[in-house]
Amino acid sequence: MLSTRDLVAGYDERTVLDGLDLELPADAFTVIVGPNACGKSTLLRTLARLLVPRRGSVLLDGKAIQELPTREVARRLAVLPQSPLVPEGVTVADLVGRGRQPYQRWWRQWSEEDSSAVDHAMALADVAGLADRPVDTLSGGQRQRVWIAMTLAQDTEALLLDEPTTFLDLAHQVEVLDLLHRLRVERGRTVVAVLHDLNQAARYADHLVAMRSGAVVAAGPPREILTAELVREVFGLDCVVVPCPVTGAPLVVPALTSPTLADPAARSSAPTPAGTASGTDASSPTGSTGATPAGSENALAGSYPSEGH
Amino acid sequence: MTAPSRDRSAGGVTTIEPAVATAGTARLPGRSLLRVGPLSVQIRRRSVLVAAVLLVLLAVAGVLSLSLGTPYVAAGDVLRALSGAGTPYDLVVLDLRLPRVVLAAVAGAAFGVAGTLIQSVARNPLASPDVIGVTQGAGLAATVALTSGAAAVVVGPAALAGGLVAAALVLALGARHGLAAQRFVLAGVAVAFALKALTEIVMLTAEAIDGQRAQIWLIGTLAGKGWTEAAWIGATLLVLLPVLAWAGWALNSSALDDDTARGIGLRPVSRRIALAGTGVLVAAMVTAQVGAVDFVALVAPQVARRLVRAERPPLVCAALMGALLLVLADLAGRRLFAPTQLPAGVLTAAIGGPYLMYLLLRGRKRSS
């Protein structure tokens, strides 16, 4: 439903995207990844018409998004910016209610539809219990779910999110991504997100877009395109890609960058005086543990596909 | 690729339907809905309460202001005079005091409205017409008019034009990056300082008596003013009423950052320009009529906001608070050191200074 044609965009003098053609599949969870300053946020902001392109266009179902009334776009496309400002003292229900803005006018400030959409959005994002709480008293994870609820209240087909998991701990990251996954699978929404974590991208994305220096390097299902070569090309990092033991999706593990990383003995001896540390290790009651460092190092070296990369 | 995905999306949409179709129960906390035909307006219940209390206080302050003075008129006689019953005090109450009290209320309300709009756009509780150059622009123009021997009728229009020109300059300087809050305030402060310096130069080079007249104008006083000034301000507010009705709604989303605002289908920059422009217009008009009454526009919105416990200053309550403040300040100015009369602007500054310190101390406490 969203696509770009010869898109040129940037800030002030700096051109970030230079002639980008991209097709984002409808009803898919698309994740955009890439190194810092590769233009992924710029792309997302331009897709969401937060940034006006210098040239080219963003097409929403074939129509240039800049030429559509912004209110109409807001009924079809919701966006969660990277770190939205929480108005001081605003309550959860109030903030989620702002998502109804595209359906409201100053003479028609609230309708039954608004009520049900807000209810529904708060239930989906699991923040209904927090309705009366001021948003600035919530935890980071709760706050992010409130913002997502606000975008859900917009009742759009598509949802764009700019690094929705930044500043969240791992459990809350998974919680937010699970919510987006549910929206995609159960509600048929089109979700587009910029993520930093490759493994989370591989786990949740139906469609992965890998960017570097403002250009798309590869796009497709993560299981097809996410390889060690791609990671090296995009991030300049050597890595091992193995199937995730839980999901089977590609799991990216950075290659051994320092031999001591794989040698617990060498690492544990570092802070203590060298001689005594290694001595106690060797004479420790569990003799087998003393043998593991060397063994595991060999095992890692063995699984490391050094030859093809 | 697109065909099957469209099918899936259609399937997904149908699952949402029942949930959307069921009647919602979500109520915005602390708000009620006012429905009149096709009209539906969200109203903060606490705002209604605060507004009612402020109205009562304003009425009390008004009667007090009509009654105190030489001669003293008992409250009962004031009310009788107001009801048109015909009392020996009609001249004092209706002709001498009432115009000034009404002017204080109308001008105070206008200051409250202007302050609310400007503070919301600037996202800064310290922003007000005094801080962003409108007052100084009006002041410079009025000073020039007063010291150049121009006719008295020229002073008001000159001040209005001066305020608007200064505001246009501030808006133009601040507009380069979409009228971002900080830029707007900085531009205002810079213009205000420059204008203030010019005003001082004009005043110092003028005849002493003219300089003193300008000085009194700059402080802001209601003495010798009445129906005409009140009518001008009232008419301005009346003409802008549809805009203000829209502004009351638009202010709801003024605290959102620009990206979020655009995401929900707003045009934050044009919205800010409209809100700031309206605020500036009201501020320039009221300053042109009563002079630079300091701090009412600054304090009224913030006090009202704290009373209502909202995330932004409420328009109606701020107007009522401004009216109450100025009626009280004018009364205090008349009576505190009677028979010496202090201009209302001195009193409001005397209240506003400590209030600013309080805000600063509070802010420091919160940030630490």
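Residues numbered from 1 in each chain as written. Chains lettered and ligands numbered in written order. Predicted model: local features only at pLDDT ≥ 70, side-chain atom pairs only at ≥ 80, totals over all residues.

A. Inspection of the overall build of chain A at higher detail. A tally of helices and strands in chain A yields 12 helices and 12 strands. Here chain A holds 309 residues, and 44% of them are scored as buried. (Helix = DSSP H or I, 4+ residues; strand = E, 2+ residues; numbered from the N terminus. Buried ≥ 20, exposed ≤ 12 C-beta atoms within 10 Å, placed from the backbone.)

B. Layout of the sheet that holds strand E5 (residues 63-64) of chain A. Residues and elements named next belong to chain A. With antiparallel pairing, 4 strands are arranged side by side in an open sheet as E2-E1-E4-E5. Of all the strands in the sheet, the pair left with one neighbour each is strand E2 (14-24) and E5. Taken together, the 8 bridges between strand E1 (residues 2-11) and E2 define a ladder with antiparallel strand orientation. The residue bridging Tyr 11 from the neighbouring strand is Arg 14, located in E2. (Pairing = 2+ DSSP bridges.)

C. Molecular detail of the environment of Pro 164 of chain A. Residue and element names in this part refer to chain A. Tracing the backbone through its elements, the reader meets Pro 164 in the loop between strand E7 (158-162) and helix H6 (170-187). With 25 C-beta atoms packed within 10 Å, Pro 164 lands in the buried category. Remark: the alpha-carbon pair of Pro 164 and Gln 82, spanning 82 residues in sequence, is separated by 6.7 Å. Every residue in contact with Pro 164, bar those within four places of it in the chain, is listed here: Leu 80, Gln 144, Val 176 and Ala 193. (Contact = placed C-beta atoms within 7 Å.)

D. Highlighting the packing of helix H5 (residues 134-147) of chain B against helix H6 (residues 152-174) of chain B. Residues and elements named next belong to chain B. Packing of H5 against H6 leaves a shortest axis separation of 7 Å and a crossing angle of 145°. In this structure, the crossing between H5 and H6 has a hand that is right-handed. Residue-level inspection shows Val 134, Gln 136, Gly 137, Ala 138, Leu 140, Ala 141, Ala 142, Ala 145 and Leu 146 of H5 in contact with H6, the latter providing Val 154, Val 155, Ala 158, Ala 159, Leu 160, Ala 161, Gly 162, Gly 163, Val 165, Ala 166 and Ala 167. Residues of the contact of H5 with H6, tallied by class, amount to 16 nonpolar, 4 polar and no charged. (Axes fitted to C-alpha atoms, helices over the stretch in contact; angles between N-to-C directions. Left-handed = near helix turned anticlockwise from the far one by under 90°. Nonpolar A, V, L, I, M, F, W, Y, C, P; charged D, E, K, R; others polar.)

This is a description of form; function is not addressed.
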